[in-house]
Amino acid sequence: MPDIVLETARLVLRTIAESDAAEQARVLNTPAVMRHLGGPKELHEIEARHAKAMALHAQEGFSFLMAIEKETGELVGHCGLKRVDAEDAKNPGDLEIGWLVREDRWRRGYAREAVEAVIDWAFTRHGASHVVALTSLANEPSWRLMERLGMRRREDLDFADPRFAPEDNPTILYDLTREEWCARA
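Calculation notes
- All residue numbers here refer to positions counted from 1 along the written sequence of the relevant chain.
- Whole-chain, interface and lining totals are the exception, using all residues; otherwise, since this is a predicted model, local features are given only for residues with pLDDT of at least 70 and side-chain atom pairs are given and counted only at 80 or more.
- Side-chain measures here rest on the full set of heavy atoms in the structure, leaving out hydrogens and waters.
- Two strands are said to pair when DSSP picks up at least two bridges between them.
- Helix and strand assignments come from DSSP, with helices taken as H or I runs of at least 4 residues and strands as E runs of at least 2, each series counted from the N terminus.
- Contacts were defined at the residue level, with two residues in contact if any of their heavy atoms lie within 4.5 Å.
- Fitted lines through C-alpha atoms serve as axes, helices being fitted only where they are in contact, and the angles separating the N-to-C directions of these axes extend from 0 to 180 degrees.
- By convention in these notes, a salt bridge is any Lys or Arg side-chain nitrogen within 4 Å of a carboxyl oxygen on Asp or Glu.
- Burial here depends on accessible area, computed with a 1.4 Å probe over protein chains only, as a share of the maximum for the residue type. Under 20% is buried, over 50% is exposed, and the range in between is partly exposed.
- Helix span is expected to be 1.5 Å times the residue number reduced by one.
- The arc in question is the one traced by the directions running from the helix axis out to the C-beta atoms.
- Contacts described as polar in this section are N or O atom pairs within 3.5 Å, which, within protein, must combine one atom able to donate a hydrogen with one able to accept it, while residues neighboring in sequence count only if both atoms come from side chains.

Turning next to the sheet that holds strand β5 (residues 95-101). On the basis of which strands lie adjacent, the open sheet formed by eight strands has the order β1-β2-β3-β4-β5-β6-β8-β7 and mixed pairing. Sheet topology places β1 (4-7) and β7 (152-153) at the edges, where each strand pairs with a single neighbour. Sheet analysis places strand β2 (residues 11-14) next to strand β3 (residues 64-69), joined by four bridges and oriented antiparallel. In the sheet register, Arg 14 faces β3, and the bridge partner there is Met 66. With respect to the sheet, helix α1 (residues 20-27) is in contact with β2, β3 and β4 (75-83), its orientation differing from that of β4 by roughly 115°.

Another point: the pattern of salt bridges. Counted under the stated rule, the structure contains 21 salt bridges. Among the salt bridges present, the one from Glu 74 reaches Arg 102, with a minimum N-O distance of 3.5 Å. Placement of Glu 74 in the loop between β3 and β4 and of Arg 102 in the loop between β5 and α3 (110-124) is noted, with a sequence separation of 28 residues between them. Overall, Arg 102 belongs to the buried group, its relative accessible area being 9%. The network of salt bridges with shared partners includes Glu 69, Glu 74, Arg 102, Asp 104 and Arg 105.

The terminal C-alpha atoms of helix α2 (residues 43-60), which comprises 18 residues, lie 25 Å apart, in line with the 26 Å expected from a rise of 1.5 Å per residue. Among all positions of α2, only Ile 46, His 50, Ala 53 and Leu 56 are buried. Projected down its long axis, α2 shows its buried positions confined to an angular sector of 120°, all on one face. Counted as exposed and oriented over 90 degrees from the buried face of α2: His 44, Lys 52, Ala 58 and Gln 59. Structurally, α2 contributes buried residues whose contacts are with α1, β3 and β4.

Assignment of secondary structure puts Asn 91 in the loop between β4 and β5. On the basis of relative accessible area, Asn 91 is assigned to the buried category, the value being 6%. A polar side-chain atom of Asn 91 sits 3.0 Å from a polar atom in the side chain of Asp 94. Among residues more than four places away in sequence, those in contact with Asn 91 are Val 84, Val 132 and Leu 173.

This is the structure we're talking about:
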């Protein structure tokens, strides 16, 4: 049974359950949502990612979380923490925040609401000194959100990620320290 980890005004962020892969495939695994992430994935790939996230949560107490809309009980996205593990990344092991929101919930502030809760979780419950977020230069909505959150672009940590097409390279990185986050509060 999944555990509720965080709550925001409109969202419950809970651990992943084995049964979540099919629902994620249905509402998040679309060409539009997955555009800058290598395109839609096969169900077995989503299941493997979920297994990895559940193992991470059991081991380190954090992972990606399913974002459930309180008003409807529907899956609207996922958001959470993992370790930077991209093969060519220059900062392996750093705490990385990430998120996805289903297309019919875009531009409603759900990503920001979830990410703010996860950033606070990283700093207050997991003692992170900083968090990073990665995206492609082509994914302007994501890096614009990173900037609105007070994150700083770290061009020195950009890298080419062979998992993604040329139009989604380079992978760019933004950083936020605990001190910067606390100063905003």
